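# Reading the structure
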Amino acid sequence: MATTQIHPIRVTQAKSVQYITNPEKASYVRKYGCDGSAEEISDQFDIIRSFGKNKGSVLGYHIIQSFAPNEATAEQVHQAGLMLCEKLFQGQYAYVLATHTDTDHIHNHIIFCKTNMENYKAFGTLMDTKRNPAWKKIRQLSDDVCKEMGLSTIEYGEIGKGVSHYEWTKQQQGSSWKEKLRYELDCIIQRSDTFEDFLEKCRLNSIEAVYNPDKMISLKFRMQGQQRYARAKTLGYYYLPENIQRRIKQFSSHRKMIIDRDRFDSKGFQHWADIQNMKNVAQMINMLESYNVHGTSELKPTAMSVMARRGMITQSIENLDEKINDLSEQIELARRFQRTRPFHDKYKSLSGRKQKDYAKNYAPVLDEYKSVGSRLKSLYPDGKFPSETSLDRQRQALHEEREKLYEEYRYLKKEYADLDKASQIIDDYLDSLRDEPERRRKKGELE
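Residues numbered from 1 in each chain as written. Predicted model: local features only at pLDDT ≥ 70, side-chain atom pairs only at ≥ 80, totals over all residues. Heavy atoms only, no water.

What follows is about the side chain of Q65. If you trace the backbone, Q65 turns up in strand 3 (residues 60-67). Judged by relative accessible area, which is 0%, Q65 ranks as buried. A polar contact of 3.0 Å, which involves the side chain of Q65, links it to the side chain of S142. Not counting residues up to four positions away in its chain, the partners in contact with Q65 are A2, T3, T4, A80, G81, L84, H107, N108 and S142. (Helix = DSSP H or I, 4+ residues; strand = E, 2+ residues; numbered from the N terminus. Buried < 20%, exposed > 50% of the residue type's maximum accessible area, 1.4 Å probe, protein only. Polar contact = N/O pair within 3.5 Å; in protein donor to acceptor, adjacent residues only side chain to side chain. Contact = heavy atoms within 4.5 Å.)

The following block contains the structure:
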């Protein structure tokens with residue numbers, strides 16, 4: 001499946017192009033209507049934009065098309081990006097498409113000039129209206145591309161509803177009943193062999209699961225102590241019946257970590273399996289001790305606390321990213337202001353015919369100074385514009401704060417994965433011990 005988003009670029013056009021074409025991130029790059037370095041492409045976009053009437057503050061747009069891990073290959077993702085560009089732009093906009101493969105989820109970055117190369121009208125005027133916003137059109141075209149390529153798509157109407165502020169607060173604290181239900185269902189999904197087994201394990205874990213594929217509400221859940229049922233679609237996309245079945249298949253291939261001793265007829269091999277299983281469990285117990293978890297009763301609350309903390313850190317990182325981007329735009333404004341200010345000062349020093357000739361010859365630069373100055377004035381009404389050095393120091397401090405948070409996020413991500421792994425192994429081992437008397441009884445009856 002692919003998700004899409006679009007953002008306007010108002011200042012850092014060249015840097016944005018440079019970022020998406022970074023060879024350390026991008027495995028595939030395609031350019032249309034432009035060529036050269038990031039600076040040269042930015043200049044070419046400026047030239048195209050200069051022919052348009054609706055200049056405005058937007059220089060271009062940045063589209064991100066992201067795919068789920070293991071959903072498609074890098075070549076398929078790049079092809080999907082090309083098809084999206086062809087359907088959306090129809091050869092009328094200059095753009096750069098870059099496919100990034102440096103993360104688990106391969107994704108496309110598309111930066112394009114806002115001015116149509118045929119009629120020189122702005123993208124916002126032609127394709128981003130209140131009744132038909134661009135983001136909705138891009139999302140639909142991306143889904144069409146995924147269907148043509150045989151990739152899955154998201155049913156947006158069934159992803160789920162928003163939550164109240166109260167529930168969101170509880171969710172951050174790890175105490176939202178929906179969050180608890182999702183956690184319990186995640187654990188059961190990871191340990192189920194089939195969808196029917198999942199429903200049975202829900203019952204054994206005191207979760208009432210009602211499944212009726214013929215009804216509009218095909219699946220709903222209710223935990224012990226919960227008065228009302230929670231429909232699968234209100235829990236989110238990943239809890240719809242078809243997606244639960246898909247996730248069960250994904251987990252089942254690598255879930256079992258305890259050796260089944262009954263596979264062996266030899267008592268020697270059975271003894272070896274028992275020893276290996278005990279070693280695996282002992283290793284998991286030692287790992288839990290390293291996280292200050294001293295018993296299985298502490299596993300669940302610890303994991304939920306880690307999950308909640310990780311969610312809060314993610315939100316903090318996103319907030320910092322917004323502040324960093326804002327400062328980056330202000331720094332670029334400050335640079336442009338300083339670069340164009342000498343032309344303005346020169347203009348002010350002249351008079352009469354010389355001033356008029358100078359204004360005619362340097363009109364674009366003088367207009368840029370006026371535009372940038374106006375935007376800075378809106379940001380700093382008192383007229384005291386901070387220096388580029390001061391802004392850069394603020395940005396650096398935010399980068400350092402972000403890095404600290406991201407370091408904690410990476411640690412919590414690993415901790416949650418380790419806790420989940422330990423939980424699976426210990427549960428599987430305890431299940432095997434509980435089933436041992438029954439297996440021996442049946443074996444005796446057969447003999």
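Every α-helical turn comprises 3.6 residues, leaving residues that sit three or four positions apart pointing alike. Between its first and last C-alpha, helix 14 (residues 363-379) extends 24 Å over 17 residues, near the 24 Å set by a 1.5 Å rise per residue. Considered for burial, the residues of helix 14 that qualify are L366, Y369, V372, G373, R375 and L376. Elements in contact with the buried residues of helix 14: helix 12 (299-349) and helix 13 (352-361). (Expected span 1.5 Å × (residues − 1).)

Predicted confidence across the protein chain gives a mean pLDDT of 83, with 88% of residues reaching 70 or more. Confidence over residues 155-175 falls short of pLDDT 50; this stretch has 32 contacts with residues more than four positions distant or in other chains. (pLDDT = per-residue confidence, 0-100.)

Judged by nonpolar contacts, the single largest core of 32 residues is most densely connected at Y183, V281, M284, L288, I313, Y416 and L419. Secondary structure elements with two or more residues in this core: helix 7 (177-190), helix 11 (267-290), helix 12 and helix 15 (388-446). Here this core takes 12 residues from helix 12, the largest share from any one element. In contact with V281, not counting residues within four places along its chain, are I258, I425, I426 and Y429. Among the nonpolar cores identified, the runner-up in size contains 19 residues, and L185, C202, L219 and L240 belong to it. (Core = buried A, V, L, I, M, F, W, Y, C linked by side-chain atoms within 4.5 Å.)

Okay, the packing of aromatic side chains next. Tallied over the entire structure, the rule returns 20 aromatic pairs. Ring plane angle 80 degrees and centroid distance 5.8 Å describe the contact between Y93 and F123, whose orientation is recorded as edge-to-face. Of this pair, Y93 sits in the loop between helix 3 (74-89) and strand 4 (95-100) while F123 sits in helix 4 (residues 123-127), and the two are 30 residues apart along the sequence. Given the relative accessible area of 1%, Y93 is considered buried. (Phe/Tyr/Trp six-rings, centres within 6.5 Å; stacked < 30°, edge-to-face > 60°.)

So, on to the pattern of salt bridges. Counted according to the given criterion, the structure contains 18 salt bridges. Here R353 and D357 are joined by a salt bridge, their closest N and O atoms 3.6 Å apart. Here R353 and its partner D357 are both found in helix 13, 4 residues apart, which amounts to about one turn of the helix. On the basis of relative accessible area, R353 is assigned to the exposed category, the value being 64%. Residue D357 is classed as partly exposed on the basis of its relative accessible area, which comes to 34%. One network of salt bridges, with partners in common, ties together E332, R335 and E388. (Salt bridge = Lys/Arg side-chain N within 4 Å of Asp/Glu carboxyl O.)

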